Amino acid sequence: MNKELKLGRMNRLKVTKKVEFGYYLEGFVRNERIEILLPNNEVGHAILQEDNMPEEVDVFIYLDQDERVIATMKEPLAQVGDFAYLEVAWVNNFGAFLHWGPMKDLFVPFREQKMKMQKGKSYIVHLHIDPESYRIMASAKIERYLNAEMPKYRYGQEVNILVWQKTDLGLKVIIENQFGGLLYENQIFRQIKQIKLVCLEDGKIVIKYLNNVPIWYDLKNLFLLVFNGGMTTLAK
């Protein structure tokens, strides 16, 4: 069976032919073969200059302004299934549109906004395929897309965290693009948007900020709480 095309994700596709305005790639939807255009302006500069297109290419698949399936070799800031911190490019009477890489901005309808989004401001959103229109959309209603299963983390495991929201207790975070969690406020000493949390075998935790400056905490005073109908901690 042929590999199904994944809209809103990176795909490795076969190049079938070259035309004046780009390349055609082979993809399959419900096992039916389709041709997907990779325009010249979406091809990597080095490949275009040397006219040396490989037999297969890694491309991001999305819908253009006319709702046609299109390919680009430029990786987006986020893909379908991801949580991401994205800036609003513009707004209209239907919702907000976010910068995310492709030429067509990412739509967030008003029904998917917790508060009215404003141009120039950035928000944490989840990218998904709208089941009714089959378009790539985003939602700021983060809770709906968090994994409610009990995570199977082990002591000493490194996890990536995206800071989502400030509460009275501290910072709500998204762990490994799946689970909800909390960092206590009294253990956070600087303003952050995205951090990496590393649990170490010597009973300490190091949080690395985006500038990679390490700050150490005692494991007894910093707990990672995962909201899944209960809670767990990364303590011994």
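Keep in mind it's a predicted model, so treat the numbers as computed, not measured.

A. Summary view of the pairing of strand 9 (residues 122-129). For strand 9, the tally of buried residues reaches six of eight residues, placing the bulk of the element in the interior. Relative to strand 9, strand 6 (residues 83-91) is paired through five bridges, and the arrangement is antiparallel. Note on strand 9: the bridge partner recorded for Phe83 is His126. Bridge count for strand 9 against strand 10 (residues 136-139) is four bridges, and the pairing is antiparallel. The residue of strand 10 that forms the bridge with Ile129 is Ile136. Two successive antiparallel strands, strand 9 and strand 10, enclose a turn made up of six residues, where Tyr134 displays a positive phi of approximately 60°.

B. Molecular detail of the nonpolar core. By size, the foremost hydrophobic cluster in this structure holds 37 residues, and its most contacted members are Leu98, Met117 and Val125. Looking at which element gives the most residues to this core, the answer is strand 4 (residues 56-63), with six residues. In this view, Leu98 contacts Leu86, Glu87, Val88, Ala89, Asp105, Leu106, Val108, Met117, Val125 and Ala138; residues no more than four positions away in its chain are not counted. Listed in part, the nine residues of the second largest apolar core include Val159, Ile161, Val173 and Phe179.

C. Representation of the packing of aromatic side chains in the model. Counted according to the given criterion, the structure contains five aromatic pairs. Taken together through their ring pairs, the aromatic side chains of Phe60, Tyr62 and Trp100 make up a single cluster. The ring of Tyr24 is capped by Lys17, whose NZ or CZ atom sits 5.2 Å from the centre of that ring.

D. Main features of unusual backbone geometry. Of note, the phi angle at Arg30 is positive, near 55°, even though the residue is not glycine. Of note, the phi angle at Asn177 is positive, near 60°, even though the residue is not glycine. Summarising the element assignment, Asn177 is placed in the loop between strand 12 (170-175) and strand 13 (179-184). Taking relative accessible area as the criterion, Asn177 reaches 30% and is therefore assigned partly exposed.

E. Up close: the side chain of Thr72. If you trace the backbone, Thr72 turns up in strand 5 (residues 69-72). A polar side-chain atom of Thr72 sits 3.0 Å from the main-chain amide nitrogen of Lys74. If near-sequence neighbours (up to four positions away) are discounted, Thr72 is found in contact with Leu38, Glu42, Val59, Phe60 and Tyr62.

F. Summary view of the confidence of the model for the protein. On average, residues of the protein score 77 in pLDDT, and 72% of them reach the 70 mark or higher. Segment residues 189-236: pLDDT under 50, and 125 contacts once partners within four positions in sequence are set aside and those in other chains are kept.

G. Highlighting the pattern of salt bridges. Within the structure shown, the criterion is met by 13 salt bridges. A salt bridge links Arg12 to Asp58, with the nearest nitrogen and oxygen atoms 2.8 Å apart. Linking Arg12 in strand 1 (residues 10-19) with Asp58 in strand 4, this pair joins segments that are 46 residues apart in sequence. Looking at Asp58, the relative accessible area reads 37%, which means it is partly exposed. A cluster of three or more residues bridged by salt bridges with shared partners is formed by Lys17, Glu26, Arg33 and Glu35.

H. Here's a closer look at the side chain of Gln79. With respect to the helices, strands and loops of the structure, Gln79 is situated in the loop between strand 5 and strand 6. Within polar-contact distance, the side chain of Gln79 engages the backbone nitrogen of Met10 at 2.8 Å. Among all residues touching Gln79, those that are not within four sequence positions of it are Gly8, Arg9, Met10, Phe60 and Leu127.

Reading the values: the criteria
- Residues numbered from 1 in each chain as written.
- Predicted model: local features only at pLDDT ≥ 70, side-chain atom pairs only at ≥ 80, totals over all residues.
- Heavy atoms only, no water.
- Buried < 20%, exposed > 50% of the residue type's maximum accessible area, 1.4 Å probe, protein only.
- Helix = DSSP H or I, 4+ residues; strand = E, 2+ residues; numbered from the N terminus.
- Pairing = 2+ DSSP bridges.
- Core = buried A, V, L, I, M, F, W, Y, C linked by side-chain atoms within 4.5 Å.
- Contact = heavy atoms within 4.5 Å.
- Phe/Tyr/Trp six-rings, centres within 6.5 Å; stacked < 30°, edge-to-face > 60°.
- Lys NZ or Arg CZ within 6 Å of the ring centre and 35° of its normal.
- Polar contact = N/O pair within 3.5 Å; in protein donor to acceptor, adjacent residues only side chain to side chain.
- pLDDT = per-residue confidence, 0-100.
- Salt bridge = Lys/Arg side-chain N within 4 Å of Asp/Glu carboxyl O.

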